[in-house]
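A look at the structure
This is what each chain is made of:
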Amino acid sequence: MKIKRTLIIIAGLTLGLYACKKDGSNLNPSSLVGKWNVVSDSTFVGVGVNNHPVDYHGQPGDYFDFRTDGHVYTKEGTAFDTLSYSIVSNTGIIIQSFGLTVNGVPETSNVTLTANNAVIDAPTFFTPGGAFGRKVTLSR
């Protein structure tokens, strides 16, 4: 009886530890702020039959630099851009020009975040004009 009780206690403690384990995808502004290297950036270009996926592989010096003022500065190849962003949940972010904007409301992108990697995945939509979506993989 004593062994059975001990096993139940150990099993309960083990389950409690795994249930409280923090996953790497909890998004907060301070975890995203800073300069990230571009690993890849996949999107769709063109309209109708000319719509096709384009995969960009990051080069040395490419970055996404998230600032505390709600702006992200990007450099991919020779293209520089400034976008606004807002974190809307512990796994969601809205970045200007990512995904589809319907009735003035931009789509929320899903973020998977660890200490050294971030994946920002805007939903892919298929329309008569073609596919629209974007997935950016970043590293520190």
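Residues numbered from 1 in each chain as written. Predicted model: local features only at pLDDT ≥ 70, side-chain atom pairs only at ≥ 80, totals over all residues. Heavy atoms only, no water.

1. Some words on the packing of aromatic side chains
This is how the line gets drawn: Paired rings are identified among Phe, Tyr and Trp, the last through its six-membered ring, by centres lying within 6.5 Å, and are further divided according to the angle between planes into stacked (under 30 degrees), edge-to-face (over 60) and tilted (the rest). Burial classes: relative accessible area under 20% of the type maximum marks a residue as buried, over 50% as exposed, and values in between as partly exposed (1.4 Å probe, protein chains only). Put simply, DSSP H or I for four residues or longer makes a helix, DSSP E for two residues or longer makes a strand, and each gets a number counted from the N terminus. Charge over a ring is defined by NZ of Lys or CZ of Arg lying within 6 Å of the ring centre and within 35 degrees of the ring normal.
All chains considered together, the criterion is met by two aromatic pairs. Here the aromatic rings of Phe64 and Phe66 are separated by 6.4 Å at their centres, their planes lie at 40 degrees, and the arrangement is tilted. Here Phe64 matches Phe66 in class, with each residue buried. Seen in terms of ring centroids, Phe66 and Tyr85 are 5.1 Å apart; in terms of plane orientation they differ by 85 degrees. Their pairing is edge-to-face. Of the two residues, Phe66 sits in strand 3 (residues 63-66) while Tyr85 sits in strand 5 (residues 79-87), which places them 19 residues apart along the sequence. Here the two residues Phe66 and Tyr85 agree in accessibility, since each one is buried. Clustering of aromatic rings is evident, with ring pairs tying together Phe64, Phe66 and Tyr85. Lys35 extends its terminal NZ or CZ atom over the ring of Tyr63, reaching a point 4.4 Å from the ring centre.

2. Remarks on the confidence of the model for the protein
Applicable threshold: Across the chain, each position has a pLDDT score giving the predictor's confidence in that residue, from 0 to 100. Contacts between residues were defined by any pair of non-hydrogen atoms, one from each residue, lying within 4.5 Å.
Averaged over all residues, the pLDDT of the protein is 80; the fraction at 70 or higher stands at 74%. Per-residue pLDDT, averaged within each element of the protein, yields its smallest value for helix 1 (residues 2-19) (45) and its largest for strand 3 (96). Segment residues 6-24: pLDDT under 50, and two contacts once partners within four positions in sequence are set aside and those in other chains are kept.

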